[in-house]
Amino acid sequence: MLTALLFDLDGTLTDTDKLHLLAIQQLLWEEDGRAFTEADFDVLCAGRANAEMCALLFPDRSVEAHRDFADRKEARFRELSTSLEPIAGLTDLLAYATTHSIGRVVVTNAPRANATHMLAALGLEGAFASVVVAEELARSKPDPLPYLTGLDRLGAAADSAMAFEDSIPGLTAAKAAGLFTVGLATSQSAATLLAAGADLVIDDFTDARLWQAIEARHGVALTR
């Protein structure tokens, strides 16, 4: 029986990578004219917690300088993201989960302020039982701890749950937690997500294969 859905935030509930990229590009250019490409973002930033991202961006800077840049980057991102759109089909999936008493939680490497801001911008403040912020735990993704924490908060077992991810660190974390994991091809190609272990890859939540997988995990065919 499917009892829980666990969602990453950036790139999964809404496609925000271009805004995060723009925030970093603006700050690096303002600081010292440093150019920063989408390819750089994919390697150094996508799916990573800020501490890891800043260590890769600025290996010679102090932890305090890393924190300062991360705070400025996230503030800039929030300035750029006052209006967000959910990934197609998300609201239908959340409504389906409510109808069938399937628990829902967000599991993110983003800071708490971003999660609160983004859910408000999407109009989804009350759509999830909890928001697990990896930076508030001992370990962030790709460690499974954030997803294990999400399962614990819903009182669910991994074999009765499904996770949604768009990044390799997130996918690695979800799979290590024992979850059937659906990859969203918003920031990575389908081939990359499948190679990293995704059980299914979709472009958005309208994909018929997703609904077939949900119904199969219930054990019976259910109408939406």
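Below you will find a few notes about this structure. On a predicted model such as this, the values are computed, not experimentally measured, just so you know. (Residues numbered from 1 in each chain as written. Predicted model: local features only at pLDDT ≥ 70, side-chain atom pairs only at ≥ 80, totals over all residues. Heavy atoms only, no water.)

### Some thoughts on the packing of aromatic side chains
Then step 1. Applying the stated criterion across every chain, the model contains six aromatic pairs.
Then step 2. Aromatic side chains F58 and F69 sit 4.8 Å apart centroid to centroid with 70° between the ring planes, which places their arrangement in the edge-to-face category. Taken together, the positions of F58 in the loop between α3 (50-57) and α4 (63-80) and F69 in helix α4 put the pair 11 residues apart, joining distant regions of the chain.
Then step 3. Residue F69 is classed as buried on the basis of its relative accessible area, which comes to 0%.
Then step 4. Here the aromatic rings of Y96 and W211 are separated by 5.1 Å at their centres, their planes lie at 85°, and the arrangement is edge-to-face. Of the two residues, Y96 sits in helix α5 (residues 90-99) while W211 sits in helix α10 (residues 208-218), which places them 115 residues apart along the sequence. (Phe/Tyr/Trp six-rings, centres within 6.5 Å; stacked < 30°, edge-to-face > 60°. Helix = DSSP H or I, 4+ residues; strand = E, 2+ residues; numbered from the N terminus. Buried < 20%, exposed > 50% of the residue type's maximum accessible area, 1.4 Å probe, protein only.)

### What to know about helix α1 (residues 17-32)
Then step 1. Between the first and last C-alpha of α1 there are 23 Å, a value that for 16 residues agrees with the 22 Å anticipated at 1.5 Å per step.
Then step 2. Buried residues of α1: D17, H20, L21, A23, I24, L27 and L28, and no others. The buried side chains of α1 occupy one side of the element, clustering within an arc of 160° when seen end-on. Exposed side chains of α1 directed beyond 90 degrees from the buried face belong to K18, W29 and E30. (Expected span 1.5 Å × (residues − 1). Arc of directions from axis to C-beta.)

### Section: the pairing of strand β1 (residues 4-7)
Then step 1. With burial as the criterion, each face of β1 is covered, one bearing A4 and L6 and the other bearing L5 and F7.
Then step 2. Here β1 runs beside strand β2 (residues 103-108); their pairing, made up of four bridges, is parallel. Looking at the pairing, L6 lines up with V105 of β2.
Then step 3. Of the pairings in the sheet, the one linking β1 to strand β4 (residues 161-165) comprises four bridges and is parallel in character. Residue pairing for β4: A4 is matched across the bridge by A161. (Pairing = 2+ DSSP bridges.)

### Things to note about unusual backbone geometry
Then step 1. Put simply, K141 and P142 share a cis peptide bond, and its omega is 20°.
Then step 2. Residue position: P142 is located in the loop between β3 (130-133) and α7 (145-154).
Then step 3. Even without a glycine there, the phi angle at S101 is positive, about 55°.
Then step 4. For S101, the location among the structural elements is in the loop between α5 and β2.

### A word on the pairing of β4
Then step 1. Taken across its five residues, β4 has five buried, putting it largely inside the fold.
Then step 2. The alternating pattern of β4 places A161, A163 and E165 on one face and M162 and F164 on the opposite face, and all of these are buried.
Then step 3. When β4 meets strand β5 (residues 180-184), the two strands line up parallel, connected through four bridges. Each bridged residue has a counterpart across the sheet, and for M162 the counterpart in β5 is F180.
Then step 4. Each parallel crossover has a hand, and for β4 linked through helix α8 (residues 168-176) to β5 it is right-handed. (Right-handed = clockwise from strand over helix to strand, strands pointing away.)

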